[in-house]
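Fold and contact review
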Amino acid sequence: MLWINISGILLIALIVWWFWLYKPQEVEVTNNKMVIRIENGVYTPAHIKVKANQSTLLAFIRTDNSPCAATVLIPGLEISEEIALNKETVITLPPLTTGEYPFHCSMQMYRGVIKSE
Amino acid sequence: MGYSDTDSTQEKTSLKQPSGSIDLIIDGAGCASCVGKIEGALTSVKGVQQAEMNFAARTVSVSGQSEPSALIQAVKQAGYSAKVVQSSSEEALLDEKEQADLAYYKTLMWKMWIGLALGLPLMIYSLIGGEMTVTTPTERLAWLFVGALTFSVMFFAGKHFFVGAWQSFKNHSANMDTLIALGTGTAWVYSMAVIAVPELIPDMARHVYFEATAMIIGLINLGLALEVKARGRTSEAIKRLIGLQPKTARVLRDGIEVDIPIEQVLLHDIVRVRPGEKIPVDGVIQEGQTAIDESMLTGEPMPVVKKTGDEVVTGTLNKTGSIVFKATRVGKDTALAQIIKMVKVAQNSKPPIGRLADIISAYFVPVVMIIAVLSALAWLNFGPEPALAFAIVSATTVLIIACPCALGLATPMSVMVGVGKAAEAGVLIRNGAALQTASKITAMILDKTGTITEGAPKVTDIIVTNGSHEDSILQLAASIESSSEHPLAMAIVESATAKGLTLNRAENFNAIAGHGATATIQNQYLLLGNEKLMRDRKVDISGYIETAQQLASEAKTPIYFAVDEQLAAVIAVSDPIKQDSITAINRLQSNGIRVVMLTGDNRLTAKAVAEKVGITEFFAEVLPEDKAQKVAELQQQGEVVGMTGDGINDAPALALANVGFAIGTGTDVAIESADITLMRGSLHGLADAIAVSKATLRNIKQNLFGAFIYNVAGVPFAAGVLYPFFGLLLSPVIAGAAMAFSSLTVVMNANRLRLFKAKEH
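Basis of the calculations
- Residues numbered from 1 in each chain as written.
- Chains lettered and ligands numbered in written order.
- Predicted model: local features only at pLDDT ≥ 70, side-chain atom pairs only at ≥ 80, totals over all residues.
- Heavy atoms only, no water.
- Helix = DSSP H or I, 4+ residues; strand = E, 2+ residues; numbered from the N terminus.
- Rg over C-alpha atoms; globule rule 2.2 N^0.38 Å.
- Buried < 20%, exposed > 50% of the residue type's maximum accessible area, 1.4 Å probe, protein only.
- Contact = heavy atoms within 4.5 Å.
- Areas by Shrake-Rupley, 256 points an atom, 1.4 Å probe, with all protein chains shown as cover.
- Buried area = accessible area lost by both parts, 1.4 Å probe.
- Salt bridge = Lys/Arg side-chain N within 4 Å of Asp/Glu carboxyl O.
- Polar contact = N/O pair within 3.5 Å; in protein donor to acceptor, adjacent residues only side chain to side chain.
- Nonpolar A, V, L, I, M, F, W, Y, C, P; charged D, E, K, R; others polar.
- Domains from an automatic or database assignment.
- Phe/Tyr/Trp six-rings, centres within 6.5 Å; stacked < 30°, edge-to-face > 60°.
- Lys NZ or Arg CZ within 6 Å of the ring centre and 35° of its normal.
- UniProt positions renumbered as here; feature names shortened; annotations may be inferred.
- Pairing = 2+ DSSP bridges.
- Axes fitted to C-alpha atoms, helices over the stretch in contact; angles between N-to-C directions.
- Parallel < 35°, antiparallel > 145°, perpendicular 65-115°, else oblique.
- Patch = residues over 30% accessible without salt bridge, like charges linked within 9 Å, V, L, I, M, F, W, Y side chains within 5 Å.
- Expected span 1.5 Å × (residues − 1).

Attention now moves to the overall build of chain A. Looking only at helices and strands, chain A features one helix and ten strands. Along chain A, helices and strands appear, N-terminal first, in the series α-β-β-β-β-β-β-β-β-β-β. Taken over C-alpha atoms, the radius of gyration comes to 17 Å for chain A, far larger than the 13 Å a tight globule of 117 residues would show. Each principal axis of the C-alpha distribution contributes one length, and for chain A these read about 55 × 35 × 25 Å. When the 117 residues of chain A are sorted by exposure, 49% land in the buried category.

In C-alpha cells, the structure reads:
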C-alpha cells in the first residue's frame, strides 16, 4: 500500500508540475506574422513571443470543427474574432506594451498566451 | 469573366473589372511536395499571375484573371481536387458556418449511434443480472471479444477525444477531452487488465466496465451534437441582421440602370430603389420622396418620411415612393455592417460576473484529475472489498462527471442571446460590462432637450415691448442666431426662414455658454438670452418677468431680446415632449429607478416639463460643462447612475456615468462615449435596455449557479463521499449522461432568453 500511496502522490505532483509549473517555450514571431493552427482542441503554437511596440499579424487557420474553436478572444486587447473553418483569418494586433496577453476560445478550453517584450 | 476584387479602393473606383484573387480549398494534398505541383499547375493557367499555397490550411490563393472552372480543372489534372472558397461576406461566412455545424452535428450523431449500439445492449445485460465478471476461460474469451469491440467504438466514435487530450497534454494544457479520454481510457484499460491478467487482481474486483466506456462515448457525443444545434439558435439575432443586407443593387452605370451584386457597388454610385425594395447601401437621397420602414434596425414601428437630402440606411425597407440616392457608405462601412460588428464584439465580451468562472475554468481540469487520484487512493486505503474495483469506478466517475464546459458556457451563452435580443429592440450594448452595470442602475439622469423632448423647438410667441413689428424683431434675432448652433437658436432661425425674412450679417458675434449671445447689426448692439444675461448687462426686464414666468409655466422657454440695452421683446420657444416619454418614464419609475431631469433651461420651464412627464426631481440652468458634476453628485449619494443624452455635448457626463446611454438619430451607432446606444428616439428603448440587461444577468446567474452546484455536488458524489453513510456510489454511465446534458442545459437556459419580451410594448 505504501508504494501505491507514494505513486499516487507522485502522480499528483506530476499533474501540478506539468499543467501549472512548467513554462512552455515561446515561439517567436518572424516577419511580423505568425500562423496559428486551431486543431484537435489546441492552438499550435500556443505560446507566442512578439516584439513590443510593433504591430503583428496573427493568422489563424481552423481545421477543428468544434463550435468552441470558432471564436478567438484576446480580452486584454478587446479583440474577439470569428475564425472561419478551413481558411486563414488574420487578426492584426496593435503595437503592444510589454506584458502577457492571454487568448482563448469563448469557454477557455483552447488557451494561448502572447508575450510582448 | 474575372472574379470579385479584394484589392484597393483605387481599383474599385475605376469601373473596369479589376484584377483580384480567388481562394481554392484543395483536397488530397497530403505532403509538402504537393505544394509545388499544385502551384505549378495553377500558374500555367492563362491569366494567372501568381498561385500561392498555404499547405497548413490546404488552400491556394490565386491572383490574376481567369475562370474559376479552369483553375479547378488544372488542379484536377495535377491529381487533386479543388473547390472555390466563396466570398467572405458576412452572409457567406454564416452559411459556411451553418454548413460546417450541420456536418459536425451529423458526424457526432453517427458517433453517438456507434457508442450506443454497443453500450446499450451491454448495459441492459448488466441490468438484467448478467455477470460482468471474468471467472472462467470462456468468459475471458467472450469479454476479450467485447473489449475489442469497445476498442473499435473508442477508435471510430471517440478518437477525437483521445487525439484532443493528447494534443492538449503535449501543450501542457488540459480540457474536456482530457477528462473523457482519461475516464473512458481508465475503464477500458482496467477491464482489459482483468481479462489479460486476472490472477493479479483480487477475485471480487474482476469486473469489466466496457458498457461504461461505450455508453459514455455515445452519450457525450449526443450531448455535443445537441449542443451544436442549440448553439446555432443563440446567434439568431446576428443572422437576422446579416439577412437584412440585400444581395443586389440597381445602379446607374454609363447612363443605364443595371442590377449588380452588392459587393460591386462603389462609393458615389447612383442607386435606384423602388417601393417594396430594401435599401442596398447607405446614401443620401437625390431624387424622390418616400416612407422608409426602419423598424428592423431601430425598433421604431412608424415608417419615416424621407426626401431629397435625407439619409437612407442599408437594410431598411422602402415603402411608398421610388427614390434615387447617392451611395455614401458601402461594404464594411455601412451602418448595418457597423451594427453587426458591434453586436458581434459585444456578444463575445464577458461581464465581470463571469470572471470567477473563468478563473475556476483555468484550474478546473487538473484539479479534477488530482481529485480522481485522491479518490482512488482513499478507496484503496480505506474502502471495503473489492477496493480496487471501487477505486477504479470512483476515479473514472469523477473524471467523467466533472464538466468544465457548463462553467465555461454559463456566461458567454447568455451574453450572446441577451446582446442579440437587445439589438433586435434597437439597443446596441457595447460590451458585457455595460450589460451588467445597466442591470444595476438605481438612478437615471435624462437630458431634457432631444431626450425627453423632440429636440426640435419652435417659436410659439413673440411679445413685443417697444412697438416694433414682430417680423422685424424675429429678423434681427434670427440674424444673431444664424451664427449659433444652439437648438433654441436654430428654432428662431427656422421660424424667420419660414416667414421668408432675409437675415442680416451679424458682427462681433459672441456666444456666452448657458446665457445667450450678443452681436452688432447696423450699429445696433443686440442681446438675446436668458434672465441672467439681461441682469448681467443691466437690461431692465422688470415689467416682463411675469410674462416670462407665465410662458415658462406652459413649458415654453422665454428668451429676452434687447436692442441697445433696452428690452425689445420676449420670444418663447417650445420643444414638444416626445409622444411616449411619459409612459416610458413611468415604466422606469415603476421599476424602482430614480428618474432625474437635467437641463440648461430656466427653472420654471424645467419644472413645467418635469411635471408634464411625471418627474419630481430635476436640475435646471445647468451649464453644459456642469452636467458631469451632476452625475458625480448622484454617484456620491450611492446611486448607480445611468445618463441619457444625445452623445455629442453630453460626452463627459455619459463617460462619467456608470452607464452612458446615447439616444441615436435612427442608425447613428458611432457614439464613442456611450456604453449603450438607443437607435430610436423613444425612451422606451432605455427601459427595454435595462429590462433586457436584468433578464440576461438573471439568466447568467441561473447558469453559473447550476454549473457550480452541478460540479460542487457531482464531483464529491462521484468520488463516493455518500458511500460510508448511505452505501451510494454513482455509476460512470449515469455520470456520463449527467455530464453530457449539463452543458446542454446551460445552452438551453440561455436560449430561453430568446423568448424575452420587454413589457408595455
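Bringing the overall build of chain B into the picture now. The secondary structure content of chain B amounts to 26 helices and 26 strands. In terms of principal-axis extent, the alpha carbons of chain B reach across some 125 × 75 × 40 Å. Within chain B, residue pairs in contact and separated by at least 24 positions form 67% of the contacts whose partners lie at least 6 positions apart. For chain B, the exposed surface amounts to about 32900 Å²; the carbon and sulfur share of it is 57%.

Contact residues are listed per partner, giving 39 residues for chain A and 49 residues for chain B. Both faces combined, the contact of chain A with chain B buries some 4000 Å², and carbon together with sulfur accounts for 65% of it. Ranking the residues of chain A by area buried against chain B places F19(A), M107(A) and M109(A) at the top, with a combined share of 17%. Counting across the chain A and chain B interface gives zero salt bridges. Counting every contact that joins chain A to chain B gives five residue pairs in polar contact (both at pLDDT 80 or more). Sorting the residues of the side of chain A that touches chain B by element identifies helix 1 (2-21), strand 3 (42-44), strand 6 (71-74) and strand 7 (79-82) of chain A as the ones contributing at least two each. Looking at the side of chain A that touches chain B, the element that brings in the most residues is helix 1 of chain A, giving eleven residues. Partitioned by chemical class, the residues of the side of chain A that touches chain B number 23 nonpolar, eleven polar and five charged.

Below, the discussion takes up the domain arrangement of chain B. Residue and element names in this part refer to chain B. Taken domain by domain, chain B holds domain 1 (21-86), domain 2 (266-329), domain 3 (427-453 + 577-691) and domain 4 (458-574). The gap between the C-alpha centroids of domain 3 and domain 4 is 29 Å. At the junction of the two partners, domain 3 supplies ten residues and domain 4 supplies twelve residues. Overall, the association of domain 3 and domain 4 removes approximately 780 Å² of surface from exposure, summing both partners, and the carbon and sulfur fraction of that is 65%. The largest share of the area that domain 3 buries against domain 4 comes from L604, T605 and L623, three residues that together contribute 42% of it.

Our next topic: the packing of aromatic side chains. Enumeration according to the criterion identifies 20 aromatic pairs over all chains in this entry. With a centroid separation of 4.9 Å and 20° between ring planes, the pair formed by W379(B) and F390(B) is classed as stacked. Of the two residues, W379(B) sits in helix 11 (residues 355-382) while F390(B) sits in helix 12 (residues 387-401), which places them eleven residues apart along the sequence. Just as W379(B) is buried, F390(B) falls in that class too. An aromatic cluster of three or more residues is present, and its members are W17(A), W18(A), F19(A), Y22(A), W166(B) and F169(B). Over the ring of Y105(B) we find K229(B), and its NZ or CZ is 4.7 Å from the ring centre.

What follows concerns the UniProt feature "transmembrane region" (unreviewed entry) in chain A. As annotated in UniProt, the feature "transmembrane region" (unreviewed entry) corresponds to residues 6-22 of chain A in the numbering used here. With 94% helix and 0% strand, residues 6-22 of chain A has end C-alpha atoms that lie 22 Å from one another.

So, on to the sheet that holds strand 14 (residues 427-429) of chain B. Residues and elements named next belong to chain B. Strand order in the open sheet formed by seven strands is 14-26-25-24-15-22-23, with mixed pairing between adjacent strands. Across the chains shown, the open sheet's two edge strands, defined by having one partner strand only, are strand 14 and strand 23 (617-619). Across the sheet, the mean angle from the axis of one strand to that of its neighbour is 20°, orientation sign disregarded. Looking at chain direction, strand 15 (residues 443-447) and strand 24 (residues 641-645) are connected through four bridges and run parallel. Bridging from a neighbouring strand, I445 pairs with M643 of strand 24. Seen against the sheet, helix 22 (residues 627-636) touches strand 15, strand 22 (594-598), strand 23 and strand 24 and runs at an angle of roughly 165° to strand 15.

Residues and elements named next belong to chain A. In total, this model carries 29 salt bridges over all chains according to the counting rule given. With its nearest N and O atoms 3.5 Å apart, the salt bridge here joins E88 to K33. Within this pair, whereas E88 is found in strand 8 (residues 88-93), its partner K33 is found in strand 2 (residues 33-39), the two being separated by 55 residues in sequence. Its relative accessible area of 33% is what places E88 among the partly exposed residues. Each of E26, K49, K115 and E117 takes part in one network of salt bridges that share partners.

All names here are of chain B. Contact geometry for helix 8 (residues 236-243) and helix 10 (residues 335-347): axes closest at 10 Å, N-to-C directions at 170°. Judged by the angle between their axes, helix 8 and helix 10 are roughly antiparallel. Touching I238, L241 and I242 of helix 8 are L336, I339, I340, V343, K344 and Q347, all from helix 10. When the residues that make up the contact of helix 8 with helix 10 are grouped by side-chain class, the tally is seven nonpolar, one polar and one charged.

So, on to a nonpolar patch on the surface. Nonpolar side chains collect at one region of the surface, where L11(A), L14(A), W17(A), L21(A) and Y22(A) lie side by side and expose about 490 Å² of accessible area between them. Positionally, L14(A) belongs in helix 1.

Let's shift gears to the UniProt feature "transmembrane region" (unreviewed entry) in chain B. Residues and elements named next belong to chain B. On the UniProt side, "transmembrane region" (unreviewed entry) is annotated at positions that read residues 108-128, 140-158, 179-201, 207-226, 360-382, 388-411, 704-723 and 729-750 here. Secondary structure content for residues 360-382 is 100% helix and 0% strand, while the C-alpha to C-alpha distance between its ends is 30 Å. The span residues 388-411 shows a helical share of 92% and a strand share of 0%, and its end C-alpha atoms are spaced 40 Å apart.

Residues and elements named next belong to chain B. Taken across its five residues, strand 15 has five buried, putting it largely inside the fold. The alternating pattern of strand 15 places A443, I445 and D447 and M444 and L446 on opposite faces, both of which are buried. Looking at chain direction, strand 15 and strand 22 are connected through five bridges and run parallel. Residue pairing across strands places A443 opposite R594, the latter belonging to strand 22.

Turning next to the sheet that holds strand 16 (residues 458-464) of chain B. All names here are of chain B. Overall, antiparallel pairing links the six strands, which are arranged 16-21-20-19-18-17 in an open sheet. On the outer flanks of this sheet lie strand 16 and strand 17 (507-512), each paired with one strand and no other. For this sheet the average axis-to-axis angle between neighbouring strands, irrespective of direction, equals 15°. Across four bridges, strand 17 lies against strand 18 (residues 516-521) in antiparallel orientation. Bridging from a neighbouring strand, A511 pairs with A517 of strand 18. Each of strand 16, strand 19 (524-529), strand 20 (557-563) and strand 21 (566-574) touches helix 17 (residues 487-498); the most contacted strand, strand 16, lies at about 80° to it. Contacting strand 16, strand 20 and strand 21, helix 19 (residues 545-553) runs over the sheet at an angle of about 150° to strand 20.

Moving on: helix 21 (residues 603-613) of chain B. All names here are of chain B. Of all the positions in helix 21, only T605, A606, A608, V609, A610 and V613 are classed as buried. Lining the buried residues of helix 21 we find helix 15 (448-452), helix 19, strand 20, helix 20 (581-590), strand 22 and strand 23. The N-terminus of helix 21 is capped by N602, whose side-chain oxygen sits 3.0 Å from the backbone nitrogen of L604. Of the residues one or two after helix 21, G614 is the one with positive phi, at around 85°.

Time to look at helix 6 (residues 176-196) of chain B. Residues and elements named next belong to chain B. Taking 1.5 Å as the rise per residue, helix 6 with 21 residues should run 30 Å; its terminal C-alpha atoms sit 30 Å apart, in good agreement. In terms of burial, helix 6 is a largely internal element, 16 of the 21 residues being buried. Of the residues that open helix 6, the one with a side-chain oxygen 3.0 Å from the backbone nitrogen of D177 is N175.

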